[in-house]
Amino acid sequence: MRKATARLMLYGAMALGLPAFAQDAAIPKMIRIVVPFSAGASNDVIARAIAPQLAKRLDTTVIVENRPGA
């Protein structure tokens, strides 16, 4: 069970592109998360739940933008 949970967390981090920030790269002043579904969908809810924590950890602004069909 622990392996499955760890694997799921790793895939989630990879999907968000977090490994790119693990290096000494410059963090942009604003990060835009584009959700390719309408507002209120499960993907939108998850992105909006992650955004404040990501902003706090990276000390930057994170915006969640919905673009259906993007």
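Residues numbered from 1 in each chain as written. Predicted model: local features only at pLDDT ≥ 70, side-chain atom pairs only at ≥ 80, totals over all residues. Heavy atoms only, no water.

Let's shift gears to the side chain of Glu-65. Summarising the element assignment, Glu-65 is placed in strand S2 (residues 61-66). A distance of 3.2 Å separates the side chain of Glu-65 from the side chain of Arg-32, its partner in a polar contact. Setting aside residues no more than four positions away along its own chain, Glu-65 makes contact with Arg-32, Ile-33, Val-34 and Val-35. (Helix = DSSP H or I, 4+ residues; strand = E, 2+ residues; numbered from the N terminus. Polar contact = N/O pair within 3.5 Å; in protein donor to acceptor, adjacent residues only side chain to side chain. Contact = heavy atoms within 4.5 Å.)

Using the criterion set out here, one finds three salt bridges in the structure. Here Glu-65 makes a salt bridge to Arg-32, at a shortest N to O gap of 3.2 Å. Here the residue Glu-65 occupies a position in strand S2, and Arg-32 occupies one in strand S1 (residues 30-35), the gap between them amounting to 33 residues. Looking at Arg-32, the relative accessible area reads 44%, which means it is partly exposed. A salt bridge links Glu-65 to Arg-67; the nearest nitrogen and oxygen atoms lie 2.5 Å apart. Here Glu-65 falls in the buried class, since its relative accessible area comes to 18%. The exposure class of Arg-67 is partly exposed, given its relative accessible area of 42%. Several salt bridges share partner residues, and in doing so they unite Arg-32, Glu-65 and Arg-67 into one network. (Salt bridge = Lys/Arg side-chain N within 4 Å of Asp/Glu carboxyl O. Buried < 20%, exposed > 50% of the residue type's maximum accessible area, 1.4 Å probe, protein only.)

This part covers the confidence of the model for the protein chain. Summarising the model, the protein chain shows a mean pLDDT of 78, and 67% of its residues fall at 70 or more. When the elements of the protein chain are averaged for pLDDT, helix H1 (residues 2-16) gives the smallest value, 67, and S2 the largest, 91. (pLDDT = per-residue confidence, 0-100.)

Take the pairing of S2 next. In this structure, S1 lies alongside S2, joined through six bridges in parallel fashion. Its bridge partner being in S2, Met-30 is matched across the sheet by Thr-61. You can see the chain leave S1, run along helix H2 (residues 42-58) and come back into S2, and the turn it takes is right-handed. (Pairing = 2+ DSSP bridges. Right-handed = clockwise from strand over helix to strand, strands pointing away.)

Membership of the largest hydrophobic core is limited to 10 residues, which are Ile-31, Ile-33, Val-35, Ala-47, Ala-51, Leu-54, Ala-55, Leu-58, Val-62 and Val-64. If you list the elements that add at least two residues to this core, you get S1, H2 and S2. When residues of this core are assigned to their parent elements, the largest contribution, five residues, is made by H2. (Core = buried A, V, L, I, M, F, W, Y, C linked by side-chain atoms within 4.5 Å.)

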